[in-house]
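Coordinate analysis (summary)
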Amino acid sequence: MQNRKLIFENGRVFEGEGFGAKCDAVCEVVLNTAVVGYQEILSDPSCYGQLVVMTYPLIGNYGLTDEDYESRTPKIGGFVVREYNDAPSNYRYTRTLADVMAENNIPGIAGVDTRAITRMIRDEGGMRAILTDLPVEEAMAKLRASEVRKDQVACVGSKSVWYSRTANYKYNVVAVDCGMKQSIVRRLNEKGCNVIAVPYNTSAETVMSFKPDALLISNGPGNPEDVPEVIELVRALQGKMPIFGIGLGHQIIALANGATVSRLKFGQGGSGPVKELATGKVELASKHQSYTVDADSVAGTKLTITHVNLLDNSVAGLACAEEKVFSVQYQPESAPGPQDSDYLFDRFIAMMEEGRRNA
């Protein structure tokens with residue numbers, strides 16, 4: 001391992017040992033409290049361009065497994081960890097985390113005080129940082145000169161149509177790929193759905209040409225206002241077929257219906273309790289988000305709030321029963337994390353069944 005520095009916009013410097021690729025990274029810093037799942041975080045397109053601080057102190061100890069990737073090419077900006085283990089103990093593992101990071105030009109830093117970083121981000125709010133071995137003054141100049149990207153979805157979403165078919169096919173789902181996790185596709189396939197993934201800038205006419213039973217708006221990185229094409233697509237197709245939004249897709253559905261979205265004080269991920277208001281049921285859900293739907297803005301729209309995050313009372317779910325649209329600000333595909341929310345896919349299937357019966 002080589003000596004490296006993590007330098008924040010506020011001037012704080014954390015020195016540690018590098019692992020993965022030996023390159024500079026200028027990124028937004030986000031927190032993740034997950035105990036397991038660093039492979040899914042590494043390969044989740046929603047983490048594109050983010051330096052993820054893992055609050056769990058030991059990372060790398062079970063390696064990486066070929067079957068558990070969420071995308072073909074990891075896009076995360078980098079990892080910040082307390083202790084990195086490069087000798088995994090897991091009969092399924094095929095490669096180490098550092099090897100895959102090096103191959104995909106992703107840097108990491110270990111041996112830093114992740115508790116101190118977490119407290120700083122929690123108290124001062126989100127900020128950017130540079131992971132580098134440059135002198136501090138030179139690194140700060142590079143950090144200040146870097147631009148905040150607004151094309152994250154275009155960078156990680158598919159550029160052309162692709163298919164994921166299943167032998168037990170019953171329904172066709174068009175999925176707008178804003179950086180879609182492969183676990184979402186796998187869950188839909190398991191439920192009997194062929195998935196037709198389309199780019200974020202696909203027109204409503206093209207979507208309809210596939211004769212879909214339903215539309216899914218996927219997770220993805222960045223500000224939902226940076227993808228007006230998907231917002232307009234939802235407006236054009238809402239009421240014509242069931243629509244399910246996940247993560248970024250949840251925020252896009254809110255915007256399409258006249259609600260507003262705000263940036264969180266800091267980006268965050270991990271598992272937490274979510275309450276379904278209609279039943280009072282509390283489920284443990286996995287999430288990764290930097291933006292949230294403003295609760296007050298939902299009033300006066302067609303949408304109703306269906307779920308709330310019990311940690312901060314933020315909007316965790318929306319729905320319009322009349323137009324068969326619903327969305328959640330967490331990851332029902334359960335990768336990584338609890339499986340409490342799998343019923344949402346069954347709800348999506350039930351909407352398709354009803355649509356077939358009423359056609």
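Residues numbered from 1 in each chain as written. Predicted model: local features only at pLDDT ≥ 70, side-chain atom pairs only at ≥ 80, totals over all residues. Heavy atoms only, no water.

1. A few points about the packing of aromatic side chains
Filter applied, for reference: Aromatic pairing here means that ring centres of Phe, Tyr or Trp (its six-membered ring) are within 6.5 Å. Orientation follows from the plane angle: under 30 degrees is stacked, over 60 is edge-to-face, and everything else is tilted. Relative accessibility thresholds used throughout: buried, under 20% of the residue-type maximum; exposed, over 50%; partly exposed, between the two (1.4 Å probe, protein chains only). Helix numbers and strand numbers start at the N terminus; a helix is a DSSP run of H or I with at least 4 residues, a strand a run of E with at least 2. Only lysine NZ and arginine CZ atoms are considered, and such an atom sits over a ring when it is within 6 Å of the ring centre and within 35 degrees of the ring normal.
One pass over the full model with this rule turns up seven aromatic pairs. Ring centres of Phe-8 and Phe-14 lie 5.8 Å apart, and the angle between their planes is 80 degrees; this geometry places the pair in the edge-to-face category. A single burial state applies to Phe-8 and to Phe-14, both of which are buried. Here Phe-244 and Phe-326 contribute two aromatic rings whose centre-to-centre distance is 4.3 Å and whose plane-to-plane angle is 10 degrees, an arrangement assigned as stacked. Taken as a pair, Phe-244 in strand 14 (residues 243-246) and Phe-326 in strand 19 (residues 325-328) lie far apart in primary sequence, 82 residues in all. Both residues of the pair, Phe-244 and Phe-326, belong to the buried class. Through a chain of ring-to-ring contacts, the aromatic side chains of Phe-244, Phe-326, Phe-345 and Phe-348 assemble into a single cluster. One cation-aromatic arrangement involves Arg-72 over Trp-162; the distance from NZ or CZ to the ring centre is 5.9 Å. Between Arg-165 and the ring centre of Tyr-163, over which it is positioned, the NZ or CZ distance is 4.5 Å.

2. Topic: the layout of surface pockets
Spelled out, the test is: Using a grid of 1 Å spacing that covers the protein atoms alone, one calls a set of points a cavity when a 1.4 Å probe fits there but cannot get out, and a pocket when the set is open and has protein on both sides within 12 Å along at least five of seven lines; lining residues are those with an atom within 4 Å of a point. Grid points are joined across faces, edges and corners, and a volume is the space filled by probe spheres set on the points. Each residue receives one of three labels: charged for Asp, Glu, Lys and Arg, nonpolar for Ala, Val, Leu, Ile, Met, Phe, Trp, Tyr, Cys and Pro, and polar for the others, Gly being one of them.
The space that makes up the largest pocket amounts to roughly 900 Å³. In terms of lining, the largest pocket is formed by 43 residues, of which the most central are Glu-28, Tyr-48, Gly-49, Gln-50 and Gln-152. Take the lining of the largest pocket: its biggest share by element is five residues, from strand 16 (residues 282-293). The residue inventory of the lining of the largest pocket, partitioned by class, reads 14 nonpolar, 19 polar and 10 charged.

3. Overview of the pattern of salt bridges
Here is the rule: Each reported salt bridge corresponds to a side-chain nitrogen of Lys or Arg within 4 Å of a carboxyl oxygen of Asp or Glu.
If you walk through the whole model with that rule in mind, you get 20 salt bridges. In this structure, the salt-bridge partner of Arg-187 is Asp-342, at a minimum N-O distance of 2.2 Å. Pair noted here: Arg-187 is in helix 6 (residues 182-190) and Asp-342 is in the loop between strand 19 and helix 11 (343-358), with a separation of 155 residues, a long-range link. In this structure, Arg-187 and Asp-342 share a single accessibility class: buried. Linked by salt bridges that have partners in common, Arg-187, Glu-190, Lys-191, Asp-342 and Asp-346 make up one network.

4. Observations concerning the environment of Ala-102
Where we set the bar: Residues are treated as being in contact if the distance between any of their heavy atoms lies within 4.5 Å.
Along the chain, Ala-102 turns up in helix 2 (residues 97-103). Sequence-wise, Ala-102 and Ala-21 are 81 residues apart; in three dimensions their C-alpha atoms are separated by 4.0 Å. If we skip the residues at most four places from it in the chain, Ala-102 touches Gly-20 and Ala-21.

5. Describing unusual backbone geometry
Phi is positive for Asn-105, which is not a glycine, with a value near 60 degrees. Checked against the element boundaries, Asn-105 lands in the loop between helix 2 and strand 8 (107-110). With phi around 55 degrees, Lys-324 is a residue other than glycine that occupies positive phi space. The topology assignment puts Lys-324 in the loop between strand 18 (315-320) and strand 19. Looking at Lys-324, the relative accessible area reads 23%, which means it is partly exposed.

6. Points about the nonpolar core
Our working rule: Within this scheme, the nonpolar core is defined by two criteria: the residues are buried Ala, Val, Leu, Ile, Met, Phe, Trp, Tyr or Cys, and they are joined through side-chain atoms within 4.5 Å.
If you look at the biggest cluster of nonpolar residues, it comprises 35 residues, and the most contacted ones within it are Val-176, Leu-215, Ile-217, Val-230, Ile-252 and Val-293. Looking at this core, the elements with two or more residues in it are strand 11 (171-177), strand 12 (193-199), helix 7 (204-209), strand 13 (214-217), helix 8 (228-237), helix 9 (248-256), strand 16 and strand 18. With six residues, helix 9 is the single largest residue contributor to this core. The residues touching Val-176, leaving out its near neighbours within four places in the chain, are Val-198, Pro-199, Tyr-200, Leu-215, Leu-216, Ile-217, Ser-218, Val-230 and Leu-233. By size, the runner-up hydrophobic cluster in this structure holds 29 residues, among which are Trp-162, Phe-244, Val-328 and Tyr-330.

7. Focus on helix 4 (residues 136-145)
To be explicit about the condition: The arc in question is formed by the directions pointing from the helix axis toward the C-beta atoms.
Listing the buried residues of helix 4 in full gives Ala-139, Met-140 and Leu-143. Projected down its long axis, helix 4 carries its buried residues within an arc of 100 degrees, all on one side. Projecting away from the buried face of helix 4 at angles above 90 degrees are the exposed residues Glu-137 and Ala-145. Contacts from the buried residues of helix 4 go to strand 1 (2-8), strand 3 (25-32) and strand 9 (128-132).

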